[in-house]
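Chain and residue survey
For reference, the chains in residue letters:
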Amino acid sequence: MKSATLDPDAAAERVIRIYYPSIASNPVGRLIGTLMECIPIPIGSARVSNLIFGLPLAPIGALLYVLLKAFGERYAVTDRAVRRESALTGSPNGAMPLESVDQIDLRLRHCYRFFRAGDLILRSNDDRATLKLIAVPYAEAVRQTILEACEARKQTDAAIKQIERRKG
């Protein structure tokens, strides 16, 4: 009978989710967000500023969107870490292991409101290591995903340690 062995690929890092920042991560995008929120008088479900500035700013916003998706950054949540990567090549620009994440601060800026985005600041328990995820759409949901991944990592590590103690 064949004994159970750990598959070498099972130890590989697995991507849980990839997030792309909104165009509010760029100064031009923040200007668009500010203009789209500057006249808060509602007309139906839209605002006056949306009706005035929406169509003229749409080509700039679309171009910025494409450029950021191709040449900007993306944020990858894996089963081991949260990483900032180049959107084009996937090369890492910064990372924080999940077991190091102790606190995730959410910062909402006025210029992000139109895009429903926010900044996430991941802090380690000793407050020495931080990782900033800028202008993440639906930041509260992304925060929750990261917190759940951190909890799963802690439980997995505890289970592995317990199994190793039983073997040894």
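Structure: see above.
Residues numbered from 1 in each chain as written. Predicted model: local features only at pLDDT ≥ 70, side-chain atom pairs only at ≥ 80, totals over all residues. Heavy atoms only, no water.

1. Considerations on unusual backbone geometry
Phi angles above zero are rare outside glycine, and arginine 116 is one such case at about 55°. Structurally, the position occupied by arginine 116 is in the loop between strand S7 (101-107) and strand S8 (117-124). The phi angle at alanine 135 is positive, at roughly 55°, despite the residue not being glycine. Mapped onto the elements of the fold, alanine 135 is located in strand S9 (residues 130-137). (Helix = DSSP H or I, 4+ residues; strand = E, 2+ residues; numbered from the N terminus.)

2. Notes on the side chain of arginine 153
Residue position: arginine 153 is located in helix H3 (residues 139-167). In contact with arginine 153, other than residues within four places in its own chain, are Asp79, Arg80, Leu98 and Glu99. (Contact = heavy atoms within 4.5 Å.)

3. Re H3
Here H3 contains 29 residues, and its C-alpha end-to-end distance of 42 Å stays within 8% of the 42 Å for a straight helix at 1.5 Å per residue. Of all the residues in H3, the buried ones are Ala139, Val142, Ile146, Ala149, Cys150 and Arg153. (Expected span 1.5 Å × (residues − 1). Buried < 20%, exposed > 50% of the residue type's maximum accessible area, 1.4 Å probe, protein only.)

4. Regarding the sheet that holds strand S1 (residues 15-19)
Adjacent strands of a sheet form backbone hydrogen bonds with each other and so pair up, either parallel or antiparallel. Ordered by their spatial adjacency, four strands build an open sheet running S1-S4-S5-S6, and the pairing between neighbours is antiparallel. Here the strands that pair on one side only, and so sit at the sheet edges, are S1 and strand S6 (92-97). Mean inter-strand twist for the sheet, computed between neighbouring axes without regard to direction, equals 15°. Bridge count between S1 and strand S4 (residues 73-78): four bridges; the pairing is antiparallel. The partner of isoleucine 18 across the bridge, within S4, is alanine 76. (Pairing = 2+ DSSP bridges. Axes fitted to C-alpha atoms, helices over the stretch in contact; angles between N-to-C directions.)

5. Examining the pairing of strand S5 (residues 81-86)
Among the six residues of S5, five are classified as buried, and the element is accordingly described as predominantly covered. Summarising the sheet, S4 and S5 pair through five bridges and their orientation is antiparallel. By the bridge assignment, tyrosine 75 is partnered in S5 with arginine 84. The turn joining S4 and S5, which pair antiparallel and follow one another in sequence, is formed by two residues.

6. Quick look at the environment of proline 137
You can see proline 137 is positioned in strand S9. Taking relative accessible area as the criterion, proline 137 reaches 24% and is therefore assigned partly exposed. Expressed as a C-alpha distance, the spacing of proline 137 and tyrosine 20, which sit 117 residues apart in the sequence, is 7.9 Å. Excluding anything up to four places from it in sequence, proline 137 contacts Tyr20, Pro21, Ser22, Arg116, Ala117 and Val142.

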